[in-house]
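This is what each chain is made of:
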Amino acid sequence: MNIHDLKPARSQTLPPKPRNPIPVWVTATLAVLWLIVWDLEISFETLAYGVEDMGEYFSRYRQPDFSNLSRYLELMGITLATALWGTVFALLVAFFLAPLAARNFAPSPLAYRIAREMLNFMRAMPDLLLALIFVAALGLGPLPGALALGVHTAGFLGKFFAESLERVDKGVCEGVASTGANFPQMVMYAGWPSILREAMGYVLYILDRNVRMASVLGLVGAGGIGLALHDTLRLFDYGQSAALILVILATILIIDYASAWLRGRLG
Amino acid sequence: MTTVSTWRWPTPSGWPPLPLVGGVLALLCALWLTAPIVEVDFVRLIGSLGKMVGFTGQMFVTPDWNYVPQLLAKMLETIEMTILGTAIAIVLSLPMGILAARNATPHIAVYRLTRDVLSLMRALPELVWALVFVSAVGLGPLPGVMALAFVTVGFMGKFFAEAIEVVDRKAVEGVRAHGAGWLQVRLFAMLPQALPDFVGTVMYILDHNLRAAAILGLVGAGGIGYDLVMSMRLFQYDRLLLIALAIYLVVTLLDRASDRLRSRIIHGKQA
Amino acid sequence: MSAISIQSVTKRFPNGFEALKGIDAEIKSGSFTVVLGPSGAGKSTLLRLMNGLETPTSGEVRIGGESVDAHKLRHIRSKVAMVFQQFNLVDRLSVVTNVLTGRLAHRSWVGSVFYLFRKEDMEIAQEALARVALTDKAWNRADKLSGGQQQRVGIARALAQQPKVILADEPVASLDPVSSEEIMALLREICDRDGITVVVNLHQVELARRFADRIIGMNSGKIVFDGNPEQMTQSVLRTIYQREGIEDDNSLDMALAYA
């Protein structure tokens with residue numbers, strides 16, 4: 001290498017300035033959004049009228065009618081119980097599937113693929129669709145709701161767990177593997193203890209989510225408070241609807257704070 | 001020698017730690033108490049297994065091919081609702097996020113208020129808001145989009161506020177030192193730093209909203225959901241099969257795409 | 001019979017790197033062997049082959065007459081313990097539980113997945129901890145210990161396996177000189193008292209000289225020296241640490257002068 005090789009600086013020009021793609025993207029996005037608005041036939045007039053009326057409309061909810069409060073609380077109890085059972089079911093399924101769906105723990109590539117696909121399938125099915133199916137098979141009641149929540153969120157939990165397990169330090173896995181531990185022992189000693197805290201966070205998140213979802217499962221006949229809300233709204237009984245919404249809201253906020261507190265203590 | 005003395009846990013006493021035992025007992029207790037409420041009945045569950053298989057069997061009929069054009073139209077509507085609702089929510093959640101971030105908010109009272117509003121917005125599922133909006137603006141995709149956007153602002157606002165709260169202090173101070181104003185600091189120092197996190201979140205939200213949009217039709221708020229419920233009620237299994245497949249397909253595709261995008265963002269972009 | 005027998009072993013990684021280019025060695029039962037060599041010489045790969053953490057591309061490793069292959073891994077590993085450079089303990093578990101993982105291969109999974117251990121196993125673990133002088137730390141979480149202490153837990157885990165062979169892969173590379181000394185002395189003592197065959201990978205020439213019965217020198221995937229510490233002269237060290245394509249390596253001479 002000779003310093004003179006670098007000499008002819010005159011012929012060197014700066015590389016062309018990269019074109020800034022952001023305006024193109026923004027324009028394209030706006031065009032797509034405009035197309036969608038046009039295709040969905042959303043009329044801004046309706047929206048404007050709607051917004052104008054909205055104030056008046058929401059004022060109808062001003063006086064919640066708590067005359068049936070004990071009934072609502074009972075329904076909320078059913079909803080919470082449904083969410084709990086759904087979450088426990090999901091936890092059980094995910095506990096067994098996640099290690100199989102983690103690349104570094106899976107005993108064979110085939111088991112890995114099968115477990116991954118099972119989790120994907122469970123996740124892809126919306127829980128209300130599952131609830132519809134389970135109601136058709138099991139009849140009305142909270143049980144099909146709990147099953148639907150369980151199946152759907154097992155997919156989520158399993159995926160979260162598997163991803164956490166894949167992040168377990170390779171050295172720790174080898175440390176336990178080098179003693180001759182087999183697959184279940186690997187999972188129990190190198191796997192779960194290492195991700196325990198993360199896993200608890202995920203379970204709380206899923207429980208939280210299931211409470212929200214359980215409160216609408218009633219719409220498809222799977223028990224809980226959702227059906228009552230659906231009925232009162234259809235009867236334009238704004239007082240009762242307002243009371244129901246408040247009960248749901250209060251419960252969810254309490255759960256929200258409780259799980260935030262628990263997570264804070266775990267973290 | 002009894003089993004108690006041969007088997008022991010790796011603790012000083014040989015028994016499992018108290019918090020664990022307490023936690024497990026509390027959970028079992030809760031499950032036992034709630035079992036009658038949820039009507040958990042294993043006999044019924046086992047008994048209905050045959051029914052379930054029968055039901056699943058019924059779903060595997062020759063699909064109603066004539067329905068495909070309508071299915072495609074409805075799926076497109078579902079996807080459009082998802083995109084529009086998410087886009088509106090992104091635009092609205094940026095200012096909300098700034099107001100709800102401890103280090104960007106103009107006043108602590110504004111911070112608390114915005115946080116509470118956001119948690120109210122995301123407290124109820126889309127379907128409940130859809131019910132309310134349907135009664136307000138009538139049937140169609142509009143209330144669906146409104147419901148999606150409404151709940152999504154609640155989530156995105158919070159995520160965004162949290163992303164802003166962890167941005168690097170030094171860069172913010174650097175921009176401020178050059179005489180940037182209140183809004184400029186937020187636009188040029190905080191937003192760009194919080195953006196990568198934000199993109200990952202958007203993919204999650206898109207994923208979630210697509211599933212939500214697929215069922216909003218249940219209450220008349222547009223999308224595939226209405227057809228889903230109708231074919232269920234009318235026992236049109238030839239349609240139901242197609243609908244379920246279509247939902248599965250679209251959700252899975254989006255899932256894969258978002259996984260790929262996320263890992264690209266996390267592991268750095270390769271041109 | 002030799003404890004470990006390595007027969008024309010080669011190892012090529014999927015990325016094309018050839019870590020071992022034909023290794024033959026017999027390691028006597030109850031001996032203390034140190035493998036010396038520069039980084040990337042293949043020392044680590046060689047050790048990992050003996051525990052089945054890697055599989056050879058060709059050739060065979062036999063432990064006590066039994067071939068190390070995928071079907072008998074659990075059985076082989078129950079006799080061949082491993083100690084790692086980064087200790088590789090499970091941070092969240094207590095010291096005792098980490099030591100007890102050494103018993104996993106000896107027990108069926110039924111009790112162990114519920115963290116249930118037999119009284120004998122607890123006693124073995126306590127004894128192993130006493131050997132490494134960590135009885136008082138038994139109930140601490142593993143990640144609360146210092147590096148030297150964590151490595152002693154690693155050795156206790158190996159002892160709890162009641163192995164025929166202990167393999168130590170750079171056991172002192174992450175430790176300060178005083179802890180390094182302790183760990184090496186501990187391994188030597190285990191070899192002398194329990195008659196366990198010990199194979200250690202090392203960087204430090206001086207430690208190798210003082211503790212080993214036999215030194216195997218490796219360079220770029222081949223054995224370049226095999227003998228006792230007295231035979232390891234300055235010129236032998238030059239061969240071991242020779243860098244490829246560099247004839248007259250000044251920095252090598254400098255480094256070895258102080259070794």
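Residues numbered from 1 in each chain as written. Chains lettered and ligands numbered in written order. Predicted model: local features only at pLDDT ≥ 70, side-chain atom pairs only at ≥ 80, totals over all residues.

### Here we look at the overall build of chain A
Argument step 1. A count of helices and strands for chain A gives ten helices and zero strands.
Argument step 2. Secondary structure of chain A in N-to-C order comes out as α-α-α-α-α-α-α-α-α-α.
Argument step 3. Its C-alpha atoms give chain A a radius of gyration of 27 Å, clearly above 18 Å, the size a compact globule of 267 residues would have.
Argument step 4. In terms of principal-axis extent, the alpha carbons of chain A reach across some 90 × 60 × 40 Å.
Argument step 5. Counting only residues that meet the buried cut, chain A has 47% of its 267 residues in that class.
Argument step 6. Long-range pairs, those at least 24 residues apart, make up 73% of the contacts in chain A between residues at least 6 apart in sequence. (Helix = DSSP H or I, 4+ residues; strand = E, 2+ residues; numbered from the N terminus. Rg over C-alpha atoms; globule rule 2.2 N^0.38 Å. Buried ≥ 20, exposed ≤ 12 C-beta atoms within 10 Å, placed from the backbone. Contact = placed C-beta atoms within 7 Å.)

### Brief notes about the interface of chain A and chain B
Argument step 1. Between chain A and chain B, the contact holds 47 residues from the first and 43 residues from the second.
Argument step 2. Residue composition of the side of chain A that touches chain B, grouped by class: 35 nonpolar, eight polar and four charged. (Nonpolar A, V, L, I, M, F, W, Y, C, P; charged D, E, K, R; others polar.)

### Structural notes on the pairing of strand β4 (residues 58–63) of chain C
All names here are of chain C.
Argument step 1. Two strands pair when backbone bridges link them, and strand β1 (residues 4–12) and β4 are joined in this way by five bridges, in the antiparallel orientation. Bridge assignment links glutamine 7 to a residue of β4, and that residue is glutamate 60.
Argument step 2. When β4 meets strand β5 (residues 66–67), the two strands line up antiparallel, connected through two bridges. The partner of isoleucine 63 across the bridge, within β5, is glutamate 66.
Argument step 3. Hairpin connection from β4 to β5: two residues lie between these consecutive antiparallel strands, with glycine 64 at a positive phi of about 55°. (Pairing = 2+ DSSP bridges.)

### Observations concerning the sheet that holds strand β9 (residues 197–202) of chain C
Residue and element names in this part refer to chain C.
Argument step 1. Read across the open sheet, the six strands follow the order β6-β8-β9-β3-β10-β11; overall the sheet is mixed. Of all the strands in the sheet, the pair left with one neighbour each is β6 (80–83) and β11 (222–227). In this sheet, adjacent strand axes meet at a mean angle of 20° when their direction is disregarded.
Argument step 2. Bridging between strand β3 (residues 32–36) and β9 involves five bridges; their strand directions are parallel. In the strand pairing of β9, threonine 33 is matched with valine 199.
Argument step 3. Against the sheet, helix α1 (residues 43–51) engages β3, β6, β8 (165–168), β9 and β10 (214–219), with an angle of about 150° to β9. (Axes fitted to C-alpha atoms, helices over the stretch in contact; angles between N-to-C directions.)

### Quick word on the sheet that holds strand β2 (residues 18–27) of chain C
Argument step 1. Spatially, the four strands line up as an open sheet ordered β2-β1-β4-β5 (chain C), and their pairing is antiparallel. For this open sheet the edge positions go to β2 and β5 of chain C, each flanked by a neighbour on one side alone.

### Topic: the confidence of the model for chain B
Argument step 1. Residues at a pLDDT of 70 or more form 90% of chain B, whose mean pLDDT is 80.
Argument step 2. The secondary structure element of chain B with the lowest average pLDDT is helix α1 (residues 3–6) of chain B, at 58, and the one with the highest is helix α4 (residues 68–99) of chain B, at 88. (pLDDT = per-residue confidence, 0-100.)

### A look at helix α6 (residues 147–160) of chain C
All names here are of chain C.
Argument step 1. With 14 residues, α6 ought to run about 20 Å at 1.5 Å a step, and its terminal C-alpha atoms sit 20 Å apart, in line with that.
Argument step 2. Counting buried positions along α6 gives twelve out of 14 residues, so the element sits mostly inside the fold.
Argument step 3. Buried within α6 are the following residues: Gln149, Gln150, Gln151, Arg152, Val153, Gly154, Ile155, Ala156, Arg157, Ala158, Leu159 and Ala160.
Argument step 4. At the C-terminal side of α6, glutamine 162 shows a positive phi close to 45°. (Expected span 1.5 Å × (residues − 1).)

### What about the environment of Pro12(B)?
Argument step 1. On the secondary structure map, Pro12(B) appears in the loop between β1 (7–8) and α2 (18–38).
Argument step 2. Considering only alpha carbons, one finds Pro12(B) and Ala147(B), 135 residues apart in sequence, at a separation of 55 Å.

### Examining the interface of chain C and chain B
How big an interface is tends to be stated in terms of accessible area lost as the parts join.
Argument step 1. Counting residues at the interface gives twelve residues for chain C and seven residues for chain B.
Argument step 2. At the level of elements, α3 (95–100), β7 (117–118) and α5 (119–131) of chain C are the ones that each hand at least two residues to the side of chain C that touches chain B.
Argument step 3. Per-class residue counts for the side of chain C that touches chain B are seven nonpolar, three polar and two charged.
Argument step 4. Looking at chain direction, β1(B) and β7(C) are connected through two bridges and run antiparallel.

### Side note on the environment of Val185(B)
All names here are of chain B.
Argument step 1. Position of valine 185 relative to the elements: it lies in helix α9 (residues 182–216).
Argument step 2. Residue classification places valine 185 among the partly exposed residues on the basis of 17 C-beta atoms within 10 Å.
Argument step 3. Through-space distance from the C-alpha of valine 185 to that of alanine 130 is 37 Å; in sequence the pair is 55 residues apart.

### Comments concerning unusual backbone geometry
Argument step 1. Notably, Phe236(A) is not glycine yet its phi reads approximately 55°, a positive angle.
Argument step 2. Summarising the element assignment, Phe236(A) is placed in the loop between α9 (226–234) and α10 (238–266).
Argument step 3. Judged by the 9 C-beta atoms lying within 10 Å of it, Phe236(A) falls in the exposed class.
Argument step 4. The phi angle at Phe87(C) is positive, at roughly 65°, despite the residue not being glycine.
Argument step 5. Looking at the secondary structure, you find Phe87(C) in the loop between β6 and α3.
Argument step 6. With 27 C-beta atoms packed within 10 Å, Phe87(C) lands in the buried category.

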